[in-house]
Protein chains: 2
Amino acid sequence: MYLDARRRAVLRAVVEEHIRSAEPVGSEHRALREQLGVSSATIRSAMAGLEEMGLLTHPHTSAGRVPTDRGYRVYVDLLLEAEPLSQAERQAIRRRLGGAAETPVDLLDQAAHVLAAIAQYASVVASPGLRQQRFQALHLLPLGEQRALAVIITGTGAVQGRPITLPAGIATEDLDELSRVITQRLQGSLLADLTDERLERVVGEASRYHQLLEALRAWLRRDLARGARPRLRVEGVRHLLREPEFRRPDVASAVLEALLDEESVLGQALAAAPGEGVWVSIGTENRFEELRACSLVVAGYRAGGRLAGVVGLVGPTRMRYRRAVAAVRYVADRLSEVLDATA
Amino acid sequence: MYLDARRRAVLRAVVEEHIRSAEPVGSEHRALREQLGVSSATIRSAMAGLEEMGLLTHPHTSAGRVPTDRGYRVYVDLLLEAEPLSQAERQAIRRRLGGAAETPVDLLDQAAHVLAAIAQYASVVASPGLRQQRFQALHLLPLGEQRALAVIITGTGAVQGRPITLPAGIATEDLDELSRVITQRLQGSLLADLTDERLERVVGEASRYHQLLEALRAWLRRDLARGARPRLRVEGVRHLLREPEFRRPDVASAVLEALLDEESVLGQALAAAPGEGVWVSIGTENRFEELRACSLVVAGYRAGGRLAGVVGLVGPTRMRYRRAVAAVRYVADRLSEVLDATA
DNA sequence: TCTAGCACTCTCGGGCTTTGAGTGCTAACG
DNA sequence: CGTTAGCACTCAAAGCCCGAGAGTGCTAGA
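Criteria and cut-off values
Residues numbered from 1 in each chain as written. Chains lettered and ligands numbered in written order. Predicted model: local features only at pLDDT ≥ 70, side-chain atom pairs only at ≥ 80, totals over all residues. Core = buried A, V, L, I, M, F, W, Y, C linked by C-beta atoms within 7 Å. Buried ≥ 20, exposed ≤ 12 C-beta atoms within 10 Å, placed from the backbone. Contact = placed C-beta atoms within 7 Å. Near = placed C-beta within 6 Å. Helix = DSSP H or I, 4+ residues; strand = E, 2+ residues; numbered from the N terminus. Nonpolar A, V, L, I, M, F, W, Y, C, P; charged D, E, K, R; others polar. Least-squares fit on C-alpha atoms with pLDDT ≥ 70 in both. Expected span 1.5 Å × (residues − 1). Arc of directions from axis to C-beta. Pairing = 2+ DSSP bridges. Axes fitted to C-alpha atoms, helices over the stretch in contact; angles between N-to-C directions.

Explain the nonpolar core here, please?
Judged by nonpolar contacts, the single largest core of 159 residues is most densely connected at A:Val328 and B:Val328. Residues in contact with A:Val328, not counting those within four places in the same chain, are A:Val278, A:Val297, A:Val298, A:Ala299, A:Val311, A:Gly312 and A:Leu313. With 46 residues, the next largest nonpolar core counts A:Ala148, A:Leu220, B:Leu149 and B:Ile182 among its residues.

How should I be thinking about the protein's contact with DNA strand D in this particular structure?
Taken together, 19 residues sit near DNA strand D, with A:His60, A:Thr61, B:Gly26, B:Ser27 and B:Ser62 positioned nearest. Those elements that place two or more of their residues in the surface near DNA strand D are α3 (40–52) of chain A together with α3 (40–52) of chain B. The element contributing the most residues to the surface near DNA strand D is α3(B), with four residues. Residue composition of the surface near DNA strand D, by class: six nonpolar, 10 polar and three charged.

Looking at this structure, I do not really get the relation of the copies chain B and chain A. What am I missing?
Each of the two chain copies can be generated from the other by rotation about an axis followed by a shift along it. Overlaying chain B with chain A gives an RMSD of 0.2 Å, the required rotation being 180° about an axis along which the chain moves by 0.0 Å. The two molecules are tied by a two-fold rotation axis, judged by turn and shift. Taking C-alpha positions as the reference, the residue of chain B nearest the rotation axis is B:Pro249, at 3.5 Å. A share of 100% of the interface residues of chain B reappears at the interface of chain A, consistent with the copies meeting face to face through the same patch.

Can you walk me through helix α7 (residues 172–186) of chain B in this structure?
All names here are of chain B. With 15 residues, α7 should reach 21 Å at 1.5 Å per residue; the first-to-last C-alpha distance of 21 Å fits that figure. All of the buried residues in α7 are Leu 178, Ile 182 and Leu 186. The buried side chains of α7 occupy one side of the element, clustering within an arc of 40° when seen end-on. Exposed residues pointing more than 90 degrees away from the buried face of α7 are listed as Thr 172, Glu 173 and Gln 184. Directly beyond the C-terminal end of α7, a positive phi value near 90° is found at Gly 188.

Got a minute to help me understand the sheet that holds strand β5 (residues 147–154) of chain B in this structure?
Think of a sheet as strands paired side by side through backbone hydrogen bonds, with each pair either parallel or antiparallel. Residues and elements named next belong to chain B. Spatial strand order, β4-β5-β6: three strands in an open sheet with antiparallel pairing. At either margin of the open sheet sits one strand with a lone partner, and together these are β4 (135–144) and β6 (159–165). The average angle at which neighbouring strand axes cross in this sheet is 20°, direction not considered. Here β5 pairs with β6 via seven bridges, running antiparallel. Looking at β6, one finds that Ala 148 is bridged to Ile 164. Contacts between α7 and the sheet are confined to β4 and β5, with β4 contributing the most and set at about 170° to the helix. Each of β5 and β6 touches helix α9 (residues 210–226); the most contacted strand, β6, lies at about 140° to it.

Could you clarify how one ought to interpret the protein's contact with DNA strand C in this entry?
In the vicinity of DNA strand C lie 19 residues, with A:Gly26, A:Ser27, A:Ser62, B:Thr42 and B:Thr61 positioned nearest. Put simply, the parts of the chain that give the surface near DNA strand C at least two residues each are α3 of chain A together with α3 of chain B. Take the surface near DNA strand C: its biggest share by element is four residues, from α3(A). Of the residues contributing to the surface near DNA strand C, the split by class is six nonpolar, 10 polar and three charged.

Which parts of the structure should I look at to understand the interface of chain B and chain A?
It is common to give the size of an interface as the accessible area that goes away when the parts come together. Contacts between chain B and chain A engage 24 residues on the former and 24 residues on the latter. At the level of secondary structure, the elements contributing two or more residues to the side of chain B that touches chain A comprise β4, β5, β6, α10 (237–241) and α11 (249–261) of chain B. Here the side of chain B that touches chain A gets seven residues from one element, more than from any other, and that element is α11(B). Counted by class, the side of chain B that touches chain A contains 13 nonpolar, six polar and five charged residues.

Next up, the structure:
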């Protein structure tokens, strides 16, 4: 598929004008003609060519042209230059993500929040599921009579706690001892690898802990099963409802369902993102029906030296890609900076 | 405002029929006449009376009657009998909320989830803000060189952790000692009462901990400030989008904004709920513009012997109150049962 | 006190026409 | 040969009219 310079220019102009106005754009369109400096007839013939290539379409005979998903794809791949964020915007992002004093959980919340605010679309941040995190330490903290709080700390500094009931005859020192042993032996393992057998082996010798171990295992099994998939934070859904393409209730409700209630849909859609760079998925390119009216702009972030999760935007296919790409990239980079540093 | 038996019966029938059909109901309406056993003319005159009292209205001359917010109010206060949940539904709720093995956080998630599923409206669960919880224990867990994780455990078993940097020359034993002292002295206090001065006094004597204390204080200040308001879980928003009254994009987006993005709106609206019983707030009774098209059905739940938070439903004013009230009451009761027991 | 009858009102939907934006084609032009 | 002007054509959207039907209020009578 080769595009001569004229068609390229026309495609870019049509896409950008349509993104701006949300209307089909015709060959006589003011801004278009000024920008291209040729007559409407010339534009028309270029448009006809682009339509034949499947990059533009028109909803009906007497309407202007609208980019197809493939048209957006070509625009994004060939013609798009990220629009740098303003000084103030970059500063706002850095301020939100700046505090090394923040917990990772807070940081990701902040990232989702600031990204939605800056891009004016819905943002999503996926943090690694429990299974993907590394075991850092276990602490068994006495809670009173026969009860303790089991706290797991992961490599990223996340904390998971759950009260458990202790078998009789376990002293505080025993808890400390057990915590120490387990922590020492398992430190650095992926939580997904903490199988029953593995745990068994670690404390196998100390059979007096057997009952306690049983409780721990039950807990881990449950939490790991539940924590298999990444946790998603979605922010700024309100921005989507302002977009004209989501005014139709059926479209809106499909999208909102995918974003809010059926987290698995969005989760799986995000899972398709490659590790590197900013990834854009446009309309029907998405695997899921519900997201056919949407585009995703997604980038991975790193924590503790590894790819930890993704951060991105969800908008209509008629998305301000230039801005979205820049914003996602900037937030992902800052996030990696902070999280990779503190790990 | 006195309602004779006839008007009462007509009001109830109109409200329930309108709730069922979402259409204005006219005096000739089949079900209505069968239920009431009088002619349409009689119904008409009762309707005219109810309209004069401000309990019914009609959108235009030749349309049937629709309850006003005040009409729903009278219905809820005078005429409503909760519709008992089915055996299966109660069982489903109990199963979800049954596990004493669950953490409070998980329990509340489950409650929001099951309530939305059963009532087919959006559900909301407010859990107490950090400030409203009681301090149970502090643990300073060594994380490696000069770093530790400060973990606060609250009375409800919630865990809050944050990494802090240690001043030089603090040994693991020192951390244990400090944890012990603070835990002992502050146990049972409301977190909101942990002022700087109070903390200062607790460890005042041990001035070598000064720097550490500073970090702790900074953390508490921040987290408490942020945790001042209750945390809200909202589930099942998709159900709302199916209701005809939310098909208009402007209404839908106002409501969704209030539910999803502007948590303060919903939070404040919920704050108006009294501690006892099931509270219903209808349409314009809500303080907030955005919720004028909605009704709230809310009940408090108890944890640790005290009112801990609220659980409720958000639906259109044309809500199935009978069912909603029953579902909210049942979930709140079960929740209290479990949380009050484990505390 | 209730009911039947009746004239009246007003929305909703279908079908019609008009409007105007935008196109494709063709012929002329530099 | 690419570009432009002119022109006939198409088709959705908006406006309009009208009939159908639902529902009401009123009044007279049981």
